[in-house]
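Chain by chain, the residues:
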Amino acid sequence: MSNILLSITASPGVRAVTVTLGDRALAVHLYAKTAYIAAVARGVECRFEDGDLKRAAWLLAKLMDRVGRALKSRYYTYTGPLEVVEEAVRYRPYVSPTSTVEITLSGGRAAVVGGEFRRRFRTDVDVGGVLKKYIELLASCRGDETRLGDV
């Protein structure tokens, strides 16, 4: 699977994760104690509840908030290519107009490398596995022929 983009918003109050694959998108928006989770393909919106996806989105936003602060980024939204590599998911977001970091998510771990900055994090959710599940869901979706909410 190629041409996958991941955008993570980690602003005060609003946290969001959007996975874009071709003409399909998965959106997770978290505000206060409410959540909007939906997949959209060719005019079909399928909303669903998934505690693991909600938790993974919250953890990704928190991770990018920490990375952004550590690298003195002025961004609130971090966008970059996402690729599935064997058992891991690799994400390369821009943290400034000229620099990126590489984040590798595998199991309950995240490894961040960006210039001199290197850090490892542990989570109680397999964030990479959750992302892979939904990337596969989006890749197999054909708009109105497949109901995205059937996961």
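The rules behind the values
Residues numbered from 1 in each chain as written. Predicted model: local features only at pLDDT ≥ 70, side-chain atom pairs only at ≥ 80, totals over all residues. Heavy atoms only, no water. Helix = DSSP H or I, 4+ residues; strand = E, 2+ residues; numbered from the N terminus. Expected span 1.5 Å × (residues − 1). Buried < 20%, exposed > 50% of the residue type's maximum accessible area, 1.4 Å probe, protein only. Polar contact = N/O pair within 3.5 Å; in protein donor to acceptor, adjacent residues only side chain to side chain. Pairing = 2+ DSSP bridges. Axes fitted to C-alpha atoms, helices over the stretch in contact; angles between N-to-C directions. Contact = heavy atoms within 4.5 Å. 1 Å grid on protein atoms, 1.4 Å probe; cavity = no way out; pocket = protein on both sides within 12 Å on 5 of 7 lines; lining within 4 Å. Points joined across faces, edges and corners; volume = space filled by probe spheres on them. Nonpolar A, V, L, I, M, F, W, Y, C, P; charged D, E, K, R; others polar.

1. Regarding helix α1 (residues 51–70)
Here α1 spans 29 Å end to end across 20 residues, near enough to the 28 Å set by a 1.5 Å rise per residue. Among the residues of α1, L53, A56, A57, L59, L60, A61, L63, M64, V67 and G68 are the ones counted as buried. Residue D50 occupies the N-cap position of α1, its side-chain oxygen lying 2.9 Å from the main-chain nitrogen of D52. Where α1 ends, the next residue or the one after it, K72, has phi of about 55 degrees, a positive value.

2. Structural notes on the sheet that holds strand β3 (residues 24–31)
Adjacent strands of a sheet pair through backbone hydrogen bonds, lying either parallel or antiparallel. Taken in spatial order, the ten strands of this open sheet run β5-β4-β3-β2-β1-β6-β7-β10-β11-β12, and their pairing is antiparallel. In this open sheet, the two edge strands, each paired with only one partner strand, are β5 (44–47) and β12 (117–122). This sheet shows a mean twist of 20 degrees between the axes of neighbouring strands, independent of strand direction. Here strand β11 (residues 109–114) runs beside β12; their pairing, made up of six bridges, is antiparallel. In the sheet register, A110 faces β12, and the bridge partner there is F121. The strands that helix α2 (residues 127–140) touches are β1 (4–10), β2 (14–21), β3, β4 (34–41), β6 (77–85), β7 (88–91) and β10 (102–106); relative to β2, the one it contacts most, it runs at about 45 degrees.

3. Structural notes on the pairing of β6
In terms of strand pairing, β1 meets β6 through six bridges, oriented antiparallel. Of the residues in β6, the one forming a bridge with L6 is G80. Note that β6 and β7 share four bridges and pair antiparallel. Its bridge partner being in β7, L82 is matched across the sheet by Y91. Linking β6 to β7, which pair antiparallel, is a turn of two residues; within it E86 sits at a positive phi near 50 degrees.

4. Regarding the layout of surface pockets
Approximately 180 Å³ is the volume found for the largest pocket. If you trace the largest pocket, you find 15 residues lining it, with L59, L63, F121, R122 and T123 closest to the centre. Of all the secondary-structure elements, those providing two or more residues to the lining of the largest pocket are α1, β11 and β12. Ranked by residue count, the leading element in the lining of the largest pocket is α1, at five residues. Looking at the lining of the largest pocket, its residues break down into eight nonpolar, three polar and four charged.

5. Structural notes on unusual backbone geometry
Positive phi is not limited to glycine here, since A32 has a value of about 55 degrees. Relative to the assigned elements, A32 resides in the loop between β3 and β4.

6. So, the pairing of β7
Two elements, β7 and β10, share three bridges in a ladder whose sense is antiparallel. What sits directly across from Y91, in β10, is I103.

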